[in-house]
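Chain residues, written in single-letter form:
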Amino acid sequence: MASTIPVKVVEVCQVSPPYESPYSAVEVSLPLTFFDIVWLKFHPLEHIFSYELTDLTPAVFSSEILPKLKNSLSLTLLRFLPVAGNITWPSHSAKPIILYTPQDGVSLTVAESNNAADFDDLSSNEMHDAIVSHPYVPRLSASDEKVPVLALQITLFPNKGFSIGCAAHHAALDGKSFNLLMKAWAHLCKNSSCLLPAELIPFFDRTSFQDPEGIAIECLNSRSSMNQADGGSDSNARSLKPFPPTEVDPNSVRATFNFSREDIKKLRERILSQLDKVSDRKDTEPIHLSSFAITLSYALVCLVKARGLKSDEKMMFGFAADCRARLDPPIPTNYSGNCISFCADVLIAGPAMQDDGILFVARKVSELIKGIEKTALEIEKDKVEKFMAPDLDAIPVTVAGSARFEVYGVDFGWGRPKNVEVTSIDRTGAISMAESKADSGGVEIGLVLKKDVMGIFKNLFVNGLKHV
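The written sequence of each chain sets the order in which its residues are numbered from 1. Where local features are concerned, this predicted model is filtered to residues with pLDDT of at least 70; where side-chain atom pairs are given and counted, the filter is 80 or more; whole-chain, interface and lining totals use all residues. Calculated side-chain values reflect all of the structure's heavy atoms, with hydrogen atoms and water omitted.

Caption draft 1: Molecular detail of the overall build of the protein. Every helix listed is a DSSP run of H or I at least four residues long, and every strand listed is a run of E at least two residues long, numbered separately from the N terminus. In terms of helices and strands, the protein carries twelve helices and 17 strands. Relative to a compact globule of 468 residues, whose C-alpha radius of gyration would be 23 Å, the protein shows 22 Å and is just as compact. In terms of principal-axis extent, the alpha carbons of the protein reach across some 70 × 60 × 45 Å. Out of the 468 residues in the protein, the part that is buried amounts to 53%. Considering only intrachain contacts with a sequence separation of at least 6, the fraction spanning at least 24 residues in the protein is 79%. Taken as a whole, the protein presents about 20700 Å² of accessible surface, with 53% of it coming from carbon and sulfur. In this tally, Lys and Arg are treated as positive and Asp and Glu as negative; His is ignored, and so are the chain termini. Lysine's charge is taken at NZ, arginine's at CZ, aspartate's at CG and glutamate's at CD. Averaging the coordinates of the 47 positive side-chain charges in the protein and doing the same for the 57 negative ones gives two points 3 Å apart. C-alpha atoms define the radius of gyration, and 2.2 Å times the number of residues to the power 0.38 defines the globule rule. Only protein chains enter the calculation, and the probe is 1.4 Å; a residue is then buried if its accessible area is under 20% of its type maximum, exposed if over 50%, and partly exposed in between. Contacts between residues were defined by any pair of non-hydrogen atoms, one from each residue, lying within 4.5 Å. For accessible areas, the Shrake-Rupley method is used with a probe of radius 1.4 Å. Any residue's cover is judged against the shown protein chains and nothing else.

Rendered as structure tokens:
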């Protein structure tokens, strides 16, 4: 019989950069840019990386695995000092900053699961209760004055393996930055090294983000007024507490769905075949059919149908695109912070549910992708305002993650993750996306839906791919 207390907390400690290093002995502060401030009041990014080790005992975990993870984390933070700090808002500053001091570090919870079956759920694609994940993800201890950038939880599942749960403040790290951190930590742990390859060394310089028009301040003011307009109890306009999190429906379930390389190829052929049937084919704009565009389009069609939307109902879909290379001048690909461009549009359910619905949706997705060009703060401000004030009649669906992040390459020395979960989609309603753990060149998506809706989605997804 499963325990009513899912985990036993063994230790709560702070992991800091090595004290003996002169680099960790000085304060480091970074201003938040416009791209960061957009996420200032949002719920943190939450992930669980699950690693299978069927002969793992508490003794081996405590004597071998945990010390290596702690030591390598400390060394990693020496390169990622801001991640060991907090977001704070000094009284003399017009904007919040990320501040690291020599007393700072990352809160690490060490726990042991009382329910071995939870590991099977965490590492499975199959449908299971969404709340199973919650005891395995730490919480960021936010106050009005400061919020940690990162919190971690390492949980032992005896004779099953272990998991690493992460909560990262989105105003400090976008998805690409978070995965850079995880890959750097894994590299140092696996190789018992204190040196990182160049591609894993973070770049924190914010001088490229010029904001002469004060767009970041405008965004900051709108976040404060938004909280008060929504009836928030926070009367302090400088409070850093996030908006109250959305409650997770107790009937929600989580599941992962896989697109093989062959599935993507067949869907591409189907879309092109439908495009050929369009009478004005010669006048049709070329359609962008990347793996991302194809898998998102198919998922959205299944989601519209599974939710039973009426033909005139709307769904607003959106995703973020890395714009490090699109800024003028561009910034390095290993920039650590937020540098993502918003893309969003509205789908009418009726056309999406037709026989050629995937073509209809793929064209919408394609138009957004092709519209991502060189960007500037003024353009991003307009996109954010549109995204933050969507059509109230449209159901919002976003994308979390990317197959390009290669999350299944985060190997600490005990093998690839058996599963990587974006836990926070149960609060945001997003579709998570990653490279397939099962098929080279494939893509996997994760969703959290009500159980009956998920059952319909699964049937549509599986049967649809069988008959492409």
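Further notes follow.
Caption draft 2: Here's a closer look at the sheet that holds strand S3 (residues 45-52). Pairing is mixed across the open sheet formed by six strands, whose spatial order is S1-S6-S9-S10-S3-S15. Looking at which strands have only one partner, the edges of the open sheet turn out to be strand S1 (7-15) and strand S15 (419-422). Each adjacent strand pair in this sheet contributes to an overall mean axis angle of 15 degrees, direction not counted. Strands are labelled as partners when DSSP assigns at least two bridges between them. In terms of strand pairing, strand S9 (residues 150-157) meets strand S10 (residues 161-168) through eight bridges, oriented antiparallel. Opposite Gln153, over in S10, you have Gly165 as the bridge partner. To get an axis, fit a line to the C-alpha atoms, keeping to the stretch in contact for a helix; angles then go from 0 to 180 degrees between the N-to-C directions. In the packing of helix H2 (residues 58-79) onto the sheet, the strands contacted are S1, strand S6 (106-113), S9 and S10, and the crossing angle to S1 comes to about 30 degrees. Relative to the sheet, helix H4 (residues 175-191) contacts S3, S9 and S10, its axis offset from that of S10 by approximately 140 degrees.

Caption draft 3: Molecular detail of the packing of helix H6 (residues 261-276) against helix H9 (residues 357-370). It is the contact of H6 with H9, at a shortest axis distance of 9 Å, that shows an interaxial angle of 95 degrees. The pairing of H6 with H9 is recorded here as roughly perpendicular in orientation. Mapping the contact onto sequence places Leu267, Arg270, Ile271, Gln274 and Leu275 in H6 and Ile358, Leu359, Ala362 and Arg363 in H9. Its residues assigned to classes, the contact of H6 with H9 shows six nonpolar, one polar and two charged. Orientation is classified from the angle alone, with under 35 degrees giving roughly parallel, over 145 giving roughly antiparallel, 65 to 115 giving roughly perpendicular, and any other angle giving oblique. Basically, the charged four are Asp, Glu, Lys and Arg, the nonpolar ten are Ala, Val, Leu, Ile, Met, Phe, Trp, Tyr, Cys and Pro, and anything else, Gly included, counts as polar.

Caption draft 4: Summary view of the layout of surface pockets. Definitions used for this entry: grid spacing 1 Å over protein atoms alone; cavity, a set of points where a 1.4 Å probe fits but cannot get out; pocket, an open set with protein on both sides within 12 Å along at least 5 of 7 lines; lining residue, one with an atom within 4 Å of a point. Grid points are joined across faces, edges and corners, and a volume is the space filled by probe spheres set on the points. Roughly 330 Å³ of internal volume is contained in the second largest pocket. As for the second largest pocket, its lining consists of 15 residues, of which Tyr23, Leu78, Arg79, Leu81 and Ile201 are closest to the centre. Of all elements in the fold, only strand S2 (28-31) and H2 reach the threshold of two or more residues within the lining of the second largest pocket. Broken down by element, the residue count for the lining of the second largest pocket peaks at three residues, all from H2. Residues belonging to the lining of the second largest pocket are distributed by class as follows: 14 nonpolar, no polar and one charged.

Caption draft 5: Focus on the nonpolar core. Each nonpolar core is a collection of buried residues, namely Ala, Val, Leu, Ile, Met, Phe, Trp, Tyr and Cys, held together in the definition by side-chain atoms within 4.5 Å. Within the largest apolar cluster, 79 residues are counted, with the highest numbers of intra-cluster contacts made by Phe162, Ile164 and Phe412. The dominant element in this core, judged by the number of residues it contributes, is H4, at nine residues. Residues within four places of Phe412 in sequence aside, it is in contact with Tyr51, Leu69, Ile164, Met182, Trp185, Ala186, Cys189 and Lys190. Among the nonpolar cores identified, the runner-up in size contains 51 residues, and Leu267, Leu347, Leu359 and Met454 belong to it.

Caption draft 6: Broad picture of the packing of aromatic side chains. Here is the rule: rings of Phe, Tyr and Trp (six-membered ring for Trp) pair when centre to centre is within 6.5 Å. Planes less than 30 degrees apart are stacked, more than 60 are edge-to-face, and the remainder are tilted. With the rule as written, the count across this model stands at 20 aromatic pairs. Aromatic side chains Phe292 and Phe319 sit 5.1 Å apart centroid to centroid with 75 degrees between the ring planes, which places their arrangement in the edge-to-face category. Here Phe292 is found in helix H7 (residues 291-306), whereas its partner Phe319 is found in strand S12 (residues 314-322), with 27 residues between them in sequence. What makes Phe292 partly exposed here is its relative accessible area of 24%. Assessed through its relative accessible area of 6%, Phe319 is described here as buried. Put simply, the rings of Tyr51, Phe162, Trp185, Phe412 and Trp414 touch in pairs and so form one group of aromatic residues.

Caption draft 7: Seen up close, the pairing of S10. Burial runs high along S10: eight of the eight residues are buried. Side chains Gly161, Ser163, Gly165 and Ala167 of S10 all project onto a buried face; the interleaved residues Phe162, Ile164, Cys166 and Ala168 project onto the opposite face, where all are buried too. As paired elements, S3 and S10 share eight bridges and run antiparallel to each other. Looking at S10, one finds that Tyr51 is bridged to Phe162. What sits between the antiparallel neighbours S9 and S10 is a turn of three residues, in which Asn159 has the positive phi angle 60 degrees.

Caption draft 8: Broad picture of H6. The terminal C-alpha atoms of H6, which comprises 16 residues, lie 23 Å apart, in line with the 22 Å expected from a rise of 1.5 Å per residue. Of all the positions in H6, only Asp263, Ile264, Leu267, Ile271, Gln274 and Leu275 are classed as buried. In an axial view of H6, the angular spread of the buried residues amounts to 110 degrees, which keeps them on one side of the axis. Exposed residues on H6 whose side chains face more than 90 degrees from its buried face are Arg261 and Asp276. Of the surrounding elements, those touching the buried residues of H6 are strand S11 (252-259), H7, H9, strand S17 (443-450) and helix H12 (451-466). Given a helix with a known number of residues, its expected span is that number minus one, times 1.5 Å. In this context, the arc is that of the directions from the helix axis out to the C-beta atoms.

Caption draft 9: Up close: unusual backbone geometry. Even without a glycine there, the phi angle at Ser192 is positive, about 45 degrees. Along the chain, Ser192 falls in the loop between H4 and helix H5 (215-229). Residue classification places Ser192 among the exposed positions, given a relative accessible area of 61%.

Caption draft 10: Quick peek at the environment of Thr88. When you line up the elements, Thr88 lands in strand S4 (residues 86-88). Separated by 208 residues in the primary sequence, Thr88 and Leu296 have C-alpha atoms spaced 37 Å apart. Ignoring sequence-local partners within four residues, the contact set of Thr88 consists of Pro96, Ile97, Leu99, Glu145, Lys146 and Leu240. Side-chain atoms alone can form a polar contact between residues adjacent in sequence; in general such a contact is a pair of N or O atoms within 3.5 Å, and within protein one must be able to donate a hydrogen while the other accepts it. A polar contact is formed between the side chain of Thr88 and the backbone oxygen of Glu145, at a distance of 3.1 Å.

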